[in-house]
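Observations on the three-dimensional arrangement
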Amino acid sequence: MYKRQNPYVLAVAGVTALGYAIFKLATQATASEKALAAHNKRVAEMREWSDGMRSQTEEMLGVLQDENKSTLQKVEAYKKLQELYPNELKNLSLQKFLLMDMVEVNKMLSKSIDDRTMAQQRATVNSIEEEMAKNSKRISQLDKKSWIDTSFPEALELRRLRKRNEQLKIEHAKAVEIVVQGLKAVSYTHLRAHETRHDL
């Protein structure tokens, strides 16, 4: 015989299901928003560092190329430039540097900034991957427990780690995208340089 369902029970079940769906969507939206905020913050910090490097470089090169500046001023400017670019300039004297073609100098120093920016971005990708792997390992450990054996703090930890990994997954995709774009830019630059040399 057909058993009539209590309409109040059905109503409560419907509200519960709808509430969960809304909660799930809200959680995903929050993860996306947090990931975007973290990503934008990192990009802004990298851009600030890059712009600062280029600004200081232009200032120091301006002093070195200014005939009205004293030798002492040029020595001090070059010391600052060497501090900014230790790998490129540590074994290069001021006299040899001043004999270099300034176009080539700008290319060399600009490449150094780009390389360091890319290295930092790769480090960011690695850092995100390491945190995700660590979280996933802990999630797996907690998932193996039955709900009876899972304490309330552990349940909260599991929820937090899952939300964190949702956010990190989005951050990782955006960070990798920057690396890929950077590699494409480097490949294009090398191709253009090769074509230029070939034309000559």
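This is a predicted model, so every value here is computed, not measured.

**Some points on the overall build of the protein**
Counting secondary structure elements, the protein contains 6 helices and 0 strands. Reading the helices (α) and strands (β) of the protein from amino to carboxyl end gives α-α-α-α-α-α. Here the protein holds 200 residues, and 24% of them are scored as buried. Counting only contacts in the protein whose residues sit at least 6 apart along the sequence, the fraction spanning at least 24 positions is 65%. By element, 58% of the accessible surface of the protein is carried by carbon and sulfur atoms, the whole surface being about 14800 Å².

**Quick word on the nonpolar core**
Leu61, Leu64, Tyr78, Leu81, Tyr85, Leu89 and Phe97 are the most contacted members of the largest nonpolar core, which has 18 residues in total. Top contributing element to this core by residue count: helix H1 (residues 7-65), with 5 residues. Once residues lying within four places of it in the same chain are set aside, the contact partners of Leu89 are Tyr78, Leu81, Gln82, Phe97 and Met108.

**Brief notes about the packing of aromatic side chains**
All told, the structure shown has 1 aromatic pair when counted by the stated rule. With a centroid separation of 5.0 Å and an interplanar angle of 45°, the aromatic rings of Tyr78 and Phe97 are classed as tilted. Separated by 19 residues along the polypeptide, Tyr78 in helix H2 (residues 71-84) and Phe97 in helix H4 (residues 94-99) bring together distant segments of the chain. Judged on exposure class, the residue Tyr78 and its partner Phe97 are both buried.

**Thoughts on the confidence of the model for the protein**
Per-residue confidence for the protein gives a mean pLDDT of 82, with 76% of residues at or over 70. With pLDDT under 50 throughout, residues 6-13 is counted as low confidence; its partners more than four residues away or in other chains account for 1 contact. In this model residues 187-200 is a low-confidence stretch, pLDDT under 50, and it forms 0 contacts with partners more than four residues away in sequence or in other chains.

**A look at helix H5 (residues 102-143)**
Here H5 contains 42 residues, and its C-alpha end-to-end distance of 61 Å stays within 8% of the 62 Å for a straight helix at 1.5 Å per residue. For H5, the N-terminal cap is Asp101; the gap from its side-chain oxygen to the backbone nitrogen of Val103 is 3.2 Å.

**Quick word on the environment of Glu157**
As for its placement among the helices and strands, Glu157 is situated in helix H6 (residues 152-199). On the accessibility criterion, Glu157 (21% relative accessible area) is partly exposed. Taking the C-alpha atoms as reference, Glu157 lies 8.8 Å from Leu142; in sequence the two are 15 residues apart. Other than its neighbours up to four places away in sequence, Glu157 contacts Arg138 and Leu142. Within the local environment of Glu157, its side chain forms a polar contact with the side chain of Arg138, the two groups lying 3.0 Å apart.

**Here we look at the environment of Val179**
Summarising the element assignment, Val179 is placed in helix H6. Note: C-alpha distance between Val179 and Thr117 (62 residues apart in sequence) is 9.7 Å. Here Val179 is in contact with Met118, Gln121, Arg122 and Val125, once residues within four sequence places are set aside.

**Comments concerning H2**
The end-to-end C-alpha distance of H2 is 20 Å, a good match for the 20 Å that 14 residues give at a rise of 1.5 Å each. Of all the positions in H2, only Lys74, Ala77, Tyr78, Leu81 and Leu84 are classed as buried. End-on, the buried residues of H2 take up no more than an arc of 110°, which puts them together on one face. For H2, the exposed residues set more than 90 degrees away from the buried face come down to Leu72 and Glu83.

Calculation rules
Starting afresh in each chain, residues are numbered from 1 along the sequence in its written order. Per-residue local features of the predicted model are confined to residues with pLDDT of at least 70, and side-chain atom pairs are confined, for both listing and counting, to 80 or more; whole-chain, interface and lining totals are unaffected and use all residues. With hydrogens and water set aside, each side-chain value is computed from the structure's full complement of heavy atoms. Under the DSSP-based scheme used, a helix requires at least four consecutive residues in state H or I and a strand at least two consecutive residues in state E, with every element numbered from the N terminus. Each residue is placed in one exposure class: buried if its accessible area under a 1.4 Å probe, protein chains only, is under 20% of its type's maximum, exposed if it is over 50%, and partly exposed if it falls in between. Throughout, a residue-residue contact means that at least one pair of heavy atoms, one from each residue, lies within 4.5 Å. Accessible surface is estimated by sampling points in the Shrake-Rupley manner with a 1.4 Å probe; for residues, cover comes only from the protein chains shown. For our purposes a nonpolar core is just a set of buried Ala, Val, Leu, Ile, Met, Phe, Trp, Tyr and Cys residues, chained together by side-chain atoms within 4.5 Å. Pairing of aromatic side chains requires ring centres within 6.5 Å, counting the rings of Phe and Tyr and the six-membered ring of Trp. Pairs whose planes differ by under 30 degrees are stacked, by over 60 edge-to-face, and all others tilted. Every residue is assigned a pLDDT by the predictor, reflecting its confidence on a scale from 0 to 100. Take the number of residues in a helix, subtract one, and multiply by 1.5 Å to get its expected span. Two N or O atoms count as a polar contact when they lie within 3.5 Å, although within protein this holds only if one can serve as hydrogen donor and the other as acceptor, and sequence-adjacent residues are included solely when both atoms are side-chain atoms. Our arc is simply the arc of the directions from the helix axis toward the C-beta atoms.

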